[in-house]
Amino acid sequence: MTDWTDPDTFAQALEHAETREKGNCFEDFEERDVIEHDPGLTLTKWGNEVWMGQTLNHDPAYWRPDAAADRGFEEPPIHPDYLTAATLGITVEDLSEKGGYFLGRTDVRFAQDAVYPGTDMSVESEVVNTATSSSRPQYGIVSWRTRAKDLETDDLLMSYERTNMIPRREPLETDGGATATEEDDDNDLPETFVTPEGGYFEDFADALEIADEENGAVAYRHERGRTQDDVTVAQLPLATLNTAKQHHNVDVMADSPSGDIVTYGDVTRSTALGHARSDERTWREVGFDDESFHTFVTPGDTVYAFTRVLEATDDASSDEAGTVRFQHIAFNQDDTPVYSGTRIAEIRKRSN
Ligand SMILES: CC(C)(COP(=O)(O)OP(=O)(O)OC[C@H]1O[C@@H](n2cnc3c(N)ncnc32)[C@H](O)[C@@H]1OP(=O)(O)O)[C@@H](O)C(=O)NCCC(=O)NCCSC(=O)C[C@](C)(O)C(=O)O
């Protein structure tokens, strides 16, 4: 009688057996297809707090009822970064589990009303673009518009458009090729870098005025760094139901260009944003654009943040705040940019 657990026999069995694959290939996506994602997620206080704690998003309004009330929330709400990561996490099984890197995202917008723990989410994505990758013929590039809704009320919670490299059916590889492209050498930096005096709206507006007079830029780095470990690389994405093997299958990833599992893009950006927010008085998050992931982050890498202030306008959803547009750049211990994106946030005014 065949002993299927005999190592030689089992090795032969593995060779003969078909693998029941997960995920979709590039050829499975057609423009205008709408995919309703089956995995659901209840946005819990626990998930929110673990995400925020580990990414250094320690804004008290998301932790303490009194601080939440001071910011006009009914109770500590779900943080927009966790909402974003959970929305994307749910979509991975259908859209990107096959592998291929998360290249970027734009038009990330949040509903004006805060989202509270206990909200059940339903998430759907529409294929908005499919394109050939000229540099990597084994991949295609797919963009989807994703919308997260409150399952009970059907209210829109957030939406965005994301772009990934997706393997073509043949040949099948685990993820996308080489590391970042050569930087161009157009380094026309201003001579003057202005740092805001504090974290209120007026500090950003004043710094922009000074920079303007001196033909400089409001640009500064944040001190904090967060080294990537098992929690940030594997646990946080799995807690959002993100099934991408890049984050938890060391065996498969050993043969990939990174040679290791990589940090979920939403963990990298949320960590950098946590560093940036620790130097400002955030009132509300409005949205993000032009987000790009330049190279991968692996366990042991440290994520730092750099901020440029682009614009400040005295107009917001509340008289207590003004609106600031930032560019945030996450970088690693070798000073290599790993993420960049612009962010619109309402920042509290000093006078109130
Ligand atoms: C992917 C790598 C290897 C390419 O590195 P490279 O130097 O070869 O790249 P490139 O030349 O800059 O880009 C390659 C192609 O992608 C295109 N491209 C590039 N960016 C965009 C964009 N935003 N929108 C649209 N297209 C874009 C670009 O135009 C080019 O097209 P081409 O092949 O036709 O010339 C390199 O950039 C890299 O390592 N990036 C880091 C990726 C990463 O670590 N992402 C986060 C972690 S993976 C993740 O979170 C997973 C997730 C969330 O779970 C999940 O999707 O399932």
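Cut-offs and rules
- Residues numbered from 1 in each chain as written.
- Predicted model: local features only at pLDDT ≥ 70, side-chain atom pairs only at ≥ 80, totals over all residues.
- Heavy atoms only, no water.
- Pairing = 2+ DSSP bridges.
- Helix = DSSP H or I, 4+ residues; strand = E, 2+ residues; numbered from the N terminus.
- Near = heavy atom within 4 Å.
- Polar contact = N/O pair within 3.5 Å; in protein donor to acceptor, adjacent residues only side chain to side chain.
- Areas by Shrake-Rupley, 256 points an atom, 1.4 Å probe, with all protein chains shown as cover.
- Phe/Tyr/Trp six-rings, centres within 6.5 Å; stacked < 30°, edge-to-face > 60°.
- Buried < 20%, exposed > 50% of the residue type's maximum accessible area, 1.4 Å probe, protein only.

Asks: Sorry if this is basic, but what is going on with the pairing of strand β2 (residues 102-110) here?
Replies: The side chains of a regular strand alternate between the sheet's two faces. Strand direction decides the pairing type here: β2 and strand β5 (residues 156-167), joined by 6 bridges, are antiparallel. Within β5, the residue paired with T106 across the bridge is E161.

Asks: Which parts of the structure should I look at to understand the environment of E223?
Replies: Structurally, E223 is set in the loop between β7 (217-221) and β8 (226-227). Along the sequence, E223 and T271 sit 48 residues apart, while their C-alpha atoms lie 12 Å from each other.

Asks: Hey, could you run me through the site of the ligand in this one?
Replies: Taken together, 32 residues surround the ligand, and among them S96, S133, S135, R136 and N164 come closest. Within the contact set of the ligand, an oxygen atom lies 2.8 Å away from a side-chain nitrogen or oxygen of R162. In this structure, N164 approaches the ligand through a side-chain N or O atom, which is 2.7 Å from an oxygen atom. Here the ligand loses 80% of its free accessible area of 1100 Å² to cover by the protein chains.

Asks: Would you mind showing me how to read the packing of aromatic side chains here?
Replies: To describe a pair of aromatic rings, you give the distance between the ring centres and the angle between the ring planes. For the coordinates displayed, the defined rule picks out 10 aromatic pairs. With a centroid separation of 4.5 Å and an interplanar angle of 40 degrees, the aromatic rings of F102 and F293 are classed as tilted. Remark: F293 occurs in strand β9 (residues 282-293) and F102 occurs in strand β2; sequence separation between them is 191 residues. Here the two residues F102 and F293 agree in accessibility, since each one is buried. Ring centres 5.3 Å apart and planes at 45 degrees place the aromatic pair F293 and Y339 in the tilted group. Pair noted here: F293 is in strand β9 and Y339 is in strand β12 (residues 337-348), with a separation of 46 residues, a long-range link.

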